[in-house]
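# Structural characterization, general
Spelled out from the first residue to the last, the chains are:
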Amino acid sequence: MILAFADDSTMIAVDDISQAHTYCEVIDVQNGVWTFLDQHGTILRPVFPTPTRRTIFGRLCSPDSFTLTVTVERRPDLLQAVFDGSVSVDPGPRIRTRDELIKELRTLC
């Protein structure tokens, strides 16, 4: 499970990277709008296969995808925010409510 926390105090839980692409725009990921965690609170760092570049007309071209790599950093405060209700859980492909997410996290941890 991937937990995607937006900088507007909302989050969504997705099952895999393809679902993360559906809900999290690459440009927003590049700009740091999203923080990704696994179900244990470990940060998943976005990696972009191609760098942002300028076209011959000066426009910026962003990569069209990203991957996530596991780090040693942890953000237990973001997981706690789910339990405390201080972040809003947006409906996702499988987990639709905060209560469903809490139940899932308790079974996985």
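To be clear, the structure that these remarks concern was listed above.
Residues numbered from 1 in each chain as written. Predicted model: local features only at pLDDT ≥ 70, side-chain atom pairs only at ≥ 80, totals over all residues. Heavy atoms only, no water.

Before going further, it helps to examine the packing of aromatic side chains. Under the defined criterion, the tally for this structure stands at 2 aromatic pairs. Ring geometry for Phe36 versus Phe66: centroids 5.7 Å apart, planes at 35°, classification tilted. Here Phe36 is found in strand 3 (residues 34-37), whereas its partner Phe66 is found in the loop between strand 6 (60-61) and strand 7 (67-74), with 30 residues between them in sequence. The same class applies to Phe36 and to Phe66, which are both buried. Among the aromatic residues, ring-to-ring pairing joins Phe36, Phe48 and Phe66 into one connected group. (Phe/Tyr/Trp six-rings, centres within 6.5 Å; stacked < 30°, edge-to-face > 60°. Helix = DSSP H or I, 4+ residues; strand = E, 2+ residues; numbered from the N terminus. Buried < 20%, exposed > 50% of the residue type's maximum accessible area, 1.4 Å probe, protein only.)

Along any regular strand, the residues point their side chains to alternate faces of the sheet. In terms of strand pairing, strand 1 (residues 2-6) meets strand 3 through 4 bridges, oriented antiparallel. Counterpart to Leu3 in the pairing with strand 3 is Leu37. Linking strand 3 back to strand 4 (residues 42-47) in an antiparallel pair, the connection comprises 4 residues, with Gly41 at a positive phi of about 90°. (Pairing = 2+ DSSP bridges.)

To continue, consider helix 4 (residues 98-108). Within helix 4 the residues assigned to the buried category are Leu101, Ile102 and Leu105. All buried residues of helix 4 fall inside an arc of 100° around its axis, so they share one side. The exposed set on the far side of helix 4, more than 90 degrees from its buried face, consists of Asp99, Lys103, Arg106 and Thr107. Buried residues in helix 4 make contact with strand 1, strand 2 (10-14), helix 3 (76-84) and strand 8 (88-89). (Arc of directions from axis to C-beta. Contact = heavy atoms within 4.5 Å.)

Moving on to helix 3. One turn of an α-helix holds 3.6 residues; hence residues three or four places apart share an orientation. For helix 3, the set of buried residues is Leu78, Leu79, Ala81 and Val82. Each buried residue of helix 3 lies within a common arc of 150° when the element is viewed along its axis, so the set occupies one face. Where helix 3 is buried, its residues touch strand 1, strand 2, strand 3 and helix 4. Looking one or two places after helix 3, you find Gly85, whose phi comes out positive at around 80°.

Mapped onto the elements of the fold, Thr42 is located in strand 4. Thr42 has contacts with Phe36, Leu37, Val70, Thr71, Glu73 and Arg74, leaving out every residue within four places of it along the chain.

In this structure, Leu44 sits in strand 4. With relative accessibility at 9%, the residue Leu44 sits in the buried group. Between the alpha carbons of Leu44 and Arg74 there is a distance of 9.2 Å; along the sequence they are 30 residues apart.

Relative to the helices and strands, Thr69 is located in strand 7. Exposure remark for Thr69: the relative accessible area of 36% places this residue in the partly exposed category. On a C-alpha basis, the gap between Thr69 and Ile43 in space is 8.4 Å, while along the polypeptide they are 26 residues apart. Beyond its immediate sequence surroundings of up to four residues, Thr69 is in contact with Ile43, Leu44, Arg45 and Val47.

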